[in-house]
Amino acid sequence: MSGFFSGTATGSGLHDDHQSTLKALGALEVVLTPRKPPVFDEQIRAVLGETARVLEEDVTLHFAFEETHLFPRIAASGSCGMVEILRSEHDDIRPMAIDLRARILGVLEAGVIGEAAWQDLRLRAGELIAREVFHIQKEEMGLLAALAQVLDDSDDQALVALRGAARG
């Protein structure tokens, strides 16, 4: 099984993660488009709930997998600059995603959202979406492409198993 860019099963799994994140962030962006808080209905709840789930998965499982298992291999192959950039972006995105997730969960728990909270959510989500989309583009073009150069079939299969075990 090969990923669109990477030629590795590991890369294919990461690409799927990226697509899931982009889908959730795209849906969030649509929901947050109105300047005034909309009626807090099931569609809004569903989008916010899925966004919270995806953000948790992204900054815990996805980032940790890359940082632990892929960045060292890629750095050892001579692409230290790319790894430093991606790690720095993880360090910037992680607290933003954790904060946004906490705010989303607070809104979901309250079941309502006021004007000030809506504007705050829109601003924070907009910042995160911009950073995350740009980061994913870099990973798709750089990280996933590099995997075919640093992983043999045995490493690739071992990483797929590790990734699967971490996800339960």
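Refer to the preceding data block for the structure.
Keep in mind it's a predicted model, so treat the numbers as computed, not measured.

**Student:** Teacher, can you tell me more about the packing of helix α2 (residues 42–76) against helix α4 (residues 115–150) here?
**Tutor:** Helices that pack against each other are described as a pair by the angle of their axes relative to one another and the distance between those axes. Contact pair α2 / α4: the axes reach a minimum separation of 12 Å and the direction vectors enclose 35 degrees. Of the two possible hands of crossing, α2 and α4 adopt the one that is left-handed. The residues of α4 that touch α2, namely those facing Leu-48, Leu-55, Asp-58, His-62, Phe-63, Glu-66, Leu-70, Phe-71, Arg-73 and Ile-74, are Leu-121, Leu-128, Glu-132, His-135, Glu-139, Leu-143, Ala-146, Leu-147 and Val-150. Class assignment of the residues belonging to the contact of α2 with α4 gives a composition of 12 nonpolar, two polar and five charged.

**Student:** When you look at the side chain of Glu-67 in this model, what are you seeing that I'm missing?
**Tutor:** Looking at the element boundaries, Glu-67 is found in helix α2. A distance of 2.8 Å separates the side chain of Glu-67 from the side chain of Arg-94, its partner in a polar contact. Setting aside its immediate chain neighbours within four residues, Glu-67 contacts Pro-72, Arg-87, His-90 and Arg-94.

**Student:** Even after reading the chapter, I still don't get empty space enclosed by the protein, so can you show me in this structure?
**Tutor:** Over the atoms, a rolling probe the size of a water molecule traces out where space has been left empty. With the rule as written, the count across this model stands at one cavity of 30 Å³ or more. Of the volumes computed, that of the largest cavity is approximately 50 Å³. Lining the largest cavity are Asp-17, Ser-20, Thr-21, Val-54, Glu-57, Asp-58, His-62 and Arg-167. Within the lining of the largest cavity, the residues separate by chemical class into one nonpolar, three polar and four charged.

**Student:** Help me understand the pattern of salt bridges, please; the structure alone is not making it clear to me.
**Tutor:** Working definition: two side chains of opposite charge can pair if their charged atoms are close together. As enumerated under the stated definition, the model contains 16 salt bridges in all. With its nearest N and O atoms 2.7 Å apart, the salt bridge here joins Arg-53 to Glu-50. Of this pair, Arg-53 and Glu-50 both sit in helix α2, three residues apart, which is roughly one turn of the helix. One salt bridge in this structure joins Glu-57 and Arg-53, with 3.3 Å as the shortest N-O distance. Remark: Arg-53 and Glu-57 occur in helix α2; sequence separation between them is four residues, near one turn of the helix. Within the structure, one salt-bridge network assembled from shared partners comprises Asp-17, Glu-50, Arg-53, Glu-57, Arg-163 and Arg-167.

**Student:** What should I look at first to understand the environment of Gln-119 in this one?
**Tutor:** If you trace the backbone, Gln-119 turns up in helix α4. The exposure class of Gln-119 is partly exposed, given its relative accessible area of 26%. On a C-alpha basis, the gap between Gln-119 and Pro-34 in space is 9.8 Å, while along the polypeptide they are 85 residues apart. One polar contact links Gln-119 to Arg-122, side chain to side chain, over a distance of 3.3 Å.

So, how was this worked out
- Position labels on residues start from 1 in each chain and follow its written sequence.
- Under the rules for a predicted model, residues below a pLDDT of 70 receive no local features and side-chain atom pairs below 80 are neither given nor counted, while totals for whole chains, interfaces and linings still include all residues.
- Neither water nor hydrogens contribute to the side-chain values; these are computed over all heavy atoms in the structure.
- Between N-to-C directions, angles span 0 to 180 degrees; the directions come from axes that are lines fitted to C-alpha atoms, helices contributing only their stretch in contact.
- Helix and strand assignments come from DSSP, with helices taken as H or I runs of at least 4 residues and strands as E runs of at least 2, each series counted from the N terminus.
- What makes a crossing left-handed is the near helix being turned counterclockwise from the far one by less than a right angle; a clockwise turn instead makes it right-handed.
- Residue contacts follow a heavy-atom distance rule, with two residues in contact if any of their heavy atoms lie within 4.5 Å.
- Gly falls in the polar group here, along with every residue not listed as nonpolar (Ala, Val, Leu, Ile, Met, Phe, Trp, Tyr, Cys, Pro) or charged (Asp, Glu, Lys, Arg).
- Polar contact is defined as a pair of N or O atoms within 3.5 Å, subject to the rule that within protein one atom must be able to donate a hydrogen and the other to accept it, and that residues adjacent in sequence are counted only when both atoms are side-chain atoms.
- Each cavity reported here is a set of points on a 1 Å grid over the protein atoms alone in which a 1.4 Å probe fits but cannot get out, each pocket an open set with protein on both sides within 12 Å along at least five of seven lines, and each lining residue one with an atom within 4 Å of a point.
- Grid points are joined across faces, edges and corners, and a volume is the space filled by probe spheres set on the points.
- Note on definitions: salt bridges are taken to be side-chain nitrogens of Lys or Arg within 4 Å of carboxyl oxygens of Asp or Glu.
- Each residue is placed in one exposure class: buried if its accessible area under a 1.4 Å probe, protein chains only, is under 20% of its type's maximum, exposed if it is over 50%, and partly exposed if it falls in between.

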